[in-house]
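Each chain is listed here by its residues.
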Amino acid sequence: MHFDNIVKHKIIFNGLDIKEIDYNESINIGYGIDNNFIRPLGISMTSVVKNNININVIFHIFIDYIDDMSLNLLKKFAKYNKVIVIIYKINTEIFDQLPYTKHFAKATYNRFLMPQILDGIVDKFIYIDADVQCFGSLKSLMQLDFKDNVVAVVNDLSYVREKQIKKLNIKSNKYFNAGFMFIDIKKWNDNDISEKAIKLSFDNLGKFAWLDQDALNIVLDGKCLYIDKKYDYLLNMKHKNAIMPNDVIFVHYVGRYKPWTEWCLHPLKEKFLSVARDSLWKDIPLIKPTTYKTMKMMGRSSILYGKYISGIYWYLEYAIYKIKSKL
């Protein structure tokens, strides 16, 4: 499988002198997103920079389309924070036939391509989803010994693990969350992981509950170094009792109650907002409930946190909009 025409255009914003930068002496972080995730991306990047002062950071963003306002903000971000931001505008036609949803957008497959595109540029890079926020230094992670493994990963939640290990017949009896992967590019490409994962996804259309994550767990079975969950702490703020340990490095905001939405009312949302207020994306408002599903979530959260009048209002809105959608 050839990837020669995947990158349509590359844009580099230099906050550093790129000629004097050793990529392999820097922290390289990759994101695969669509234009809807620019705000959380920017706040994720801001959190990385704030917790890794005096370390060269290079951000690699893989996206099919990006608007002019976002380009300008990323250019300013690179300059103000003295980092390098590289935007790879990719041709996603290769993924047109693969399944995706509003929650799992087509951009989720971008991580298949990154090690191919970055081959010869950098030896290792950290892939994180845009709904991941950094709370600590990455120095210890960068010194990790991979041994013979292709990636360093973190276990998924137990209920996901147990179900998918059995369903996918994972021989190692382990299943990772693909929202964080520390990738050895040479080993990845030597093992043809991208090609195998793409082929597996096409061969199992409609069968993978977790889409590309399932495919990656199968092809990387037995090739993973499992590390502490503090590097991909899975936090679902749907649950009132959700907590965040003090030693976390990356927090992954899983589920549909994202901290940049109005229907997320969990107190830990403030951890995200405190960084957002200190970022170039501070003036972008939270996402409002505009569909009957998000109105239902707004109603649920309001009741859960004792805002009963608001809860009743949003449940009524939910009922009205749902009825209208069925007409």
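Please refer to the structure higher up on the page.
Residues numbered from 1 in each chain as written. Predicted model: local features only at pLDDT ≥ 70, side-chain atom pairs only at ≥ 80, totals over all residues. Heavy atoms only, no water.

Draft legend 1. How the structure looks around the packing of aromatic side chains. Taken as a whole and judged by the stated rule, the model has eleven aromatic pairs. Note on Tyr292 and Tyr318: the rings are 6.2 Å apart at their centroids and 40 degrees apart in plane angle, and the pair reads as tilted. Of this pair, Tyr292 sits in helix 10 (residues 292-304) while Tyr318 sits in helix 11 (residues 308-326), and the two are 26 residues apart along the sequence. Within the aromatic cluster, the residues linked to one another by ring pairs are Tyr31, Phe59, Phe77 and Trp281. When the ring centre of Tyr321 is taken as reference, the NZ or CZ atom of Lys324 above it lies at 5.5 Å. (Phe/Tyr/Trp six-rings, centres within 6.5 Å; stacked < 30°, edge-to-face > 60°. Helix = DSSP H or I, 4+ residues; strand = E, 2+ residues; numbered from the N terminus. Lys NZ or Arg CZ within 6 Å of the ring centre and 35° of its normal.)

Draft legend 2. Summary view of a positive patch on the surface. A contiguous patch of positive charge, built from Lys238, Arg256, Lys293, Lys296, Lys322 and Lys326, is present on the exposed surface. Mapped onto the positive patch, the elements with two or more residues apiece are helix 10 and helix 11. Residue placement: Lys322 occurs in helix 11. (Patch = residues over 30% accessible without salt bridge, like charges linked within 9 Å, V, L, I, M, F, W, Y side chains within 5 Å. Areas by Shrake-Rupley, 256 points an atom, 1.4 Å probe, with all protein chains shown as cover. Salt bridge = Lys/Arg side-chain N within 4 Å of Asp/Glu carboxyl O. Lys, Arg positive; Asp, Glu negative; His and termini not counted. Charge placed at Lys NZ, Arg CZ, Asp CG, Glu CD.)

Draft legend 3. Local environment of the nonpolar core. Formed by 42 residues in total, the largest nonpolar core has its most connected members in Tyr31, Phe59, Val85, Ile87, Ile126, Phe180 and Phe250. Counting 36 residues, the second largest nonpolar core, distinct from the first, contains Ile84, Ile86, Phe125 and Val150. (Core = buried A, V, L, I, M, F, W, Y, C linked by side-chain atoms within 4.5 Å. Buried < 20%, exposed > 50% of the residue type's maximum accessible area, 1.4 Å probe, protein only.)

Draft legend 4. Region of the structure containing the pairing of strand 4 (residues 84-90). Along strand 4, six of the seven residues are buried, which leaves the element largely enclosed by surrounding structure. Here seven bridges tie strand 1 (residues 7-14) to strand 4, and the two strands are oriented antiparallel to one another. Looking at strand 4, one finds that Val7 is bridged to Ile90. In this sheet, strand 4 lies alongside strand 3 (residues 57-63) in parallel orientation, the contact comprising six bridges. Looking across to strand 4, one finds that Phe62 is bridged to Tyr88. With respect to chirality, the unit in which strand 3 leads through helix 2 (residues 68-81) into the neighbouring parallel strand 4 is right-handed. (Pairing = 2+ DSSP bridges. Right-handed = clockwise from strand over helix to strand, strands pointing away.)

Draft legend 5. Local environment of empty space enclosed by the protein. For the coordinates displayed, the defined rule picks out two cavities of 30 Å³ or more. Here the second largest cavity is characterised by a volume of approximately 30 Å³. Considering the residues around the second largest cavity, the lining is formed by Pro40, Ile43, Ser44, Ala130, Asp131, Val132, Gln133, Tyr253 and Phe272. Those elements that provide at least two residues to the lining of the second largest cavity are helix 1 (38-50) and strand 6 (132-134). Classifying every residue of the lining of the second largest cavity gives six nonpolar, two polar and one charged. (1 Å grid on protein atoms, 1.4 Å probe; cavity = no way out; pocket = protein on both sides within 12 Å on 5 of 7 lines; lining within 4 Å. Points joined across faces, edges and corners; volume = space filled by probe spheres on them. Nonpolar A, V, L, I, M, F, W, Y, C, P; charged D, E, K, R; others polar.)

Draft legend 6. Highlighting the sheet that holds strand 3. Read from one edge of the open sheet, eight strands run 1-4-3-2-5-8-7-9, paired in mixed fashion. Each edge of the open sheet is held by one strand with a lone partner, namely strand 1 and strand 9 (224-226). Between one strand axis and the next, the sheet turns by 20 degrees as a mean value, whatever way the strands run. Summarising the sheet, strand 7 (residues 151-153) and strand 9 pair through three bridges and their orientation is parallel. Pairing of Ala152 across the sheet is with Leu225, part of strand 9. Packing against the sheet, helix 1 makes contact with strand 2 (27-32), strand 3, strand 4 and strand 5 (124-128), and its axis sits at approximately 165 degrees to strand 3. (Axes fitted to C-alpha atoms, helices over the stretch in contact; angles between N-to-C directions. Contact = heavy atoms within 4.5 Å.)

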